[in-house]
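Listed here are the chains, written in short residue letters.
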Amino acid sequence: MMTKKVSYLEEGSNTFKYAEVNAFSKVCPYCDLGVDVVSREGYLIEDTLQILFICPRNECRQAFIGVYKKILVKDPIKPVDYVLVRTEPQIKYIKKDIDTRIMSISPVFATIFSEAGEAEALNLENIAGMGYRKSLEFLIKDYLISKNIEDRENIERKSLGQCINQDIDNPNIKSMAARAAWLGNDETHYSRKHASMSIIDLKLLIEATQYWILMELIKDEYQSKLPNAR
Ligand SMILES: [Zn+2]
């Protein structure tokens, strides 16, 4: 087994030291995808070494920490000083219902949508409603940016409504996203316009938006993998 060399600072010292660790994290806790991380500096407090990692995926780039414990009796064949015990943060909400294709264009949508689901499960309806509304904005903007990366600044600057009206070409995505946005606005504004609609309707419309985006991603993927349908 290959060991990995890391540099770290010890509490109270300004000089970097080096240590061998058994492994780096293989999964980013934010996008929940396998990643090949590069370590940044570590910090040693007593026998716990914390190493900073950055997710290498451009769509994510989140920082997380690998927590290592000191090995008391070194194995001469595998001379590591520290072993990985966990990564932080530990993202506990389940994102498994969201397709990896959606996660790859908008990991932040997956995170916020899952957080809103947690809040809903705890009957925190106001928080859940605002969370769903926010997740929709990330889904739509990241979807549009994934289609046209040069337009990133322009899309980031626009309101959600402007993005839906001006930039979405697919009529199915547009139709569901527009309705989700109308209901979503109720969650962030002082007075409700759609009193008969609930958070369940909002969630369903966001899910429908997500599925239409997914269908488009799958269509694009297979039209490029199998250009001739015969
Ligand atoms: Zn990531």
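For clarity, every value in this text was computed on a predicted model and none was experimentally measured. (Residues numbered from 1 in each chain as written. Predicted model: local features only at pLDDT ≥ 70, side-chain atom pairs only at ≥ 80, totals over all residues. Heavy atoms only, no water.)

**A closer look at the environment of Ala 229**
Rules: Secondary structure follows DSSP: runs of H or I at least 4 residues long count as helices, runs of E at least 2 residues long count as strands, and numbering of each begins at the N terminus.
Tracing the sequence through the fold places Ala 229 in the segment after α7 (199–225). With 158 residues separating them along the chain, Ala 229 and Ile 71 place their C-alpha atoms 57 Å apart.

**Some details on the domain arrangement of the protein chain**
Test applied: Domains are outlined according to an automatic or database domain assignment. Take a side-chain nitrogen of Lys or Arg and a carboxyl oxygen of Asp or Glu: if they are within 4 Å of each other, that pair is a salt bridge. Here a polar contact means two N or O atoms within 3.5 Å. Within protein one must be a hydrogen donor candidate and the other an acceptor candidate, and residues neighboring in sequence count only if both atoms are side-chain atoms.
Domain annotation for the protein chain reports domain 1 (4–88) and domain 2 (100–225). Using C-alpha coordinates to define each centre, domain 1 is positioned 35 Å away from domain 2. Joining domain 1 to domain 2, the criterion identifies zero salt bridges. On inspection of domain 1 and its partner domain 2, the count reaches one residue pair in polar contact (both at pLDDT 80 or more).

**A word on the environment of Leu 72**
Position of Leu 72 among the secondary structure elements: in the loop between β5 (63–70) and β6 (82–88). Sequence separation between Leu 72 and Asp 47 is 25 residues; the distance between their C-alpha atoms is 9.7 Å.

**Some points on the pattern of salt bridges**
The condition is simple: Throughout, exposure labels follow a simple rule: accessible area from a 1.4 Å probe, protein chains only, divided by the maximum for the residue type, with under 20% read as buried, over 50% as exposed, and the rest as partly exposed.
A complete count under the given rule lists 14 salt bridges for this structure. Here Arg 86 makes a salt bridge to Glu 88, at a shortest N to O gap of 2.6 Å. Take Glu 88: its relative accessible area is 29%, and that puts it in the partly exposed class. The partner of Lys 225 in a salt bridge is Glu 221, with the nearest N and O atoms 3.0 Å apart.

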